[in-house]
Amino acid sequence: ATMSSNLVDLGFKKILQDGFYALWQREPEKREFLNINIGRLDDDPFLGAGWNTRENGYRWAWKNASVMFKVVSPRKFNLQLTAEAFHENQKTAIYVNRIKITDIIIPTHMEKFVIPINQELKGGINSVHFIFSSAYRPSEVIPESTDRRQFSAKFTNISLSETTL
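Residues numbered from 1 in each chain as written. Predicted model: local features only at pLDDT ≥ 70, side-chain atom pairs only at ≥ 80, totals over all residues. Heavy atoms only, no water.

J.: Before we go on, may I ask you to explain the side chain of Thr-92 in this structure?
T.: Among the structural elements, Thr-92 can be located in strand β7 (residues 90-96). Here the side chain of Thr-92 touches Gln-90 through a polar contact of 3.3 Å, landing on its backbone oxygen. Among all residues touching Thr-92, those that are not within four sequence positions of it are Thr-102, Asp-103, Ile-104, Ile-106, Phe-130, Ile-131 and Phe-132. (Helix = DSSP H or I, 4+ residues; strand = E, 2+ residues; numbered from the N terminus. Polar contact = N/O pair within 3.5 Å; in protein donor to acceptor, adjacent residues only side chain to side chain. Contact = heavy atoms within 4.5 Å.)

Below, the structure is given as structure tokens:
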């Protein structure tokens, strides 16, 4: 099979030809991605910068961390997250599509938050950024630890839920 026939089989259409070069395109799936189980094997496509390696069902974030969601039709959502700060409570600024929506305090025990997003999310990719007040190295706050990574907060889940209003 040729590359062209493989692309056609995958739903692509040739939209431009220039000499030996061709531009192929296909419509994105109408599937939404509204839930990220942080620490699962399939979390990578939804994570931006600021995440440490996957651990036992969670990841540590540090300083500035981001995630992405795919929304098909514009509407309002709540942001839900389950998180725990490392070492000390973390003041955390939350931005959705570069607009600050709130500040929260993440405590040093696991807590679930439900945060209204007071704007309609656009159809397509929407980003959420977490800006933490500080980050700590376990080697500097836990006696005998040699872990030099920086931690701000541990996350197990981040999701969007449609508002009922």
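This is not the end of the story, as more comes after the structure.
J.: Looking at this structure, how should I read the sheet that holds β7?
T.: Working definition: the strands of a sheet are paired by backbone hydrogen bonds and lie parallel or antiparallel to each other. In space, the 4 strands of this open sheet follow the order β5-β10-β7-β8, with antiparallel pairing throughout. The sheet terminates laterally at β5 (64-71) and β8 (99-106), the two strands that pair on one side only. For this sheet, the mean angle separating the axes of adjacent strands, direction not counted, is 20°. In this structure, β7 lies alongside β8, joined through 7 bridges in antiparallel fashion. Along β8, the bridge assignment pairs Gln-90 with Ile-106. (Pairing = 2+ DSSP bridges. Axes fitted to C-alpha atoms, helices over the stretch in contact; angles between N-to-C directions.)

J.: Any chance you could explain the nonpolar core here in plain terms?
T.: A general tendency of soluble globular proteins is for nonpolar side chains to be buried together. Core analysis: the biggest nonpolar cluster contains 31 residues, and Leu-79, Leu-81, Phe-155 and Ile-158 have the highest contact counts within it. Sort the elements by how many residues they give to this core and strand β6 (residues 75-85) lands first, with 5 residues. Non-local contacts of Leu-79, meaning those with residues more than four positions away in its chain, are made with Phe-69, Ile-94, Phe-113, Val-114, Ile-115, Ile-117, Val-128, Ile-158, Ser-159 and Leu-160. Among the nonpolar cores identified, the runner-up in size contains 5 residues, and Tyr-58, Trp-60, Phe-86 and Phe-151 belong to it. (Core = buried A, V, L, I, M, F, W, Y, C linked by side-chain atoms within 4.5 Å. Buried < 20%, exposed > 50% of the residue type's maximum accessible area, 1.4 Å probe, protein only.)

J.: Honestly, the packing of aromatic side chains in this entry has me stumped. Any pointers?
T.: Working definition: an aromatic ring pair is given by the centre-to-centre distance plus the angle between the planes. Throughout the structure, instances matching the rule amount to 8 aromatic pairs. Ring plane angle 45° and centroid distance 5.6 Å describe the contact between Phe-33 and Phe-46, whose orientation is recorded as tilted. Remark: Phe-46 occurs in the loop between β3 (35-37) and β4 (59-61) and Phe-33 occurs in the loop between β2 (21-25) and β3; sequence separation between them is 13 residues. Among the residues examined, Phe-46 registers a relative accessible area of 17% and is labelled buried. Between Trp-60 and Phe-151 the ring centres are 4.6 Å apart and the planes differ by 10°, which places this aromatic pair in the stacked class. Of this pair, Trp-60 sits in strand β4 while Phe-151 sits in the loop between α2 (138-141) and β11 (153-162); the two residues are 91 residues apart in sequence, bridging distant segments of the chain. Taking relative accessible area as the criterion, Phe-151 reaches 4% and is therefore assigned buried. Members of the aromatic cluster, each reached through a chain of ring pairs, are Trp-51, Phe-130, Phe-132 and Phe-155. Of note, Lys-154 hangs over the ring of Tyr-58, and the distance from its end group to the ring centre comes to 4.4 Å. (Phe/Tyr/Trp six-rings, centres within 6.5 Å; stacked < 30°, edge-to-face > 60°. Lys NZ or Arg CZ within 6 Å of the ring centre and 35° of its normal.)

J.: How do you make sense of the pairing of β11 when you look at a structure like this?
T.: For a regular strand, side chains alternate in direction, first toward one face of the sheet and then toward the other. Here β11 lies mainly inside the structure; 8 of its 10 residues are buried. Bridge count between β3 and β11: 3 bridges; the pairing is antiparallel. Residue Ile-36 lies in a different strand from β11, and its bridge partner there is Ile-158. As judged from the 3 bridges shared by β4 and β11, these two strands associate in the antiparallel manner. Directly across from Arg-59, in β11, lies its bridge partner Phe-155. In the sheet, β6 pairs with β11 via 9 bridges, with the strands oriented antiparallel. Each bridged residue has a counterpart across the sheet, and for Asn-78 the counterpart in β11 is Ser-161.

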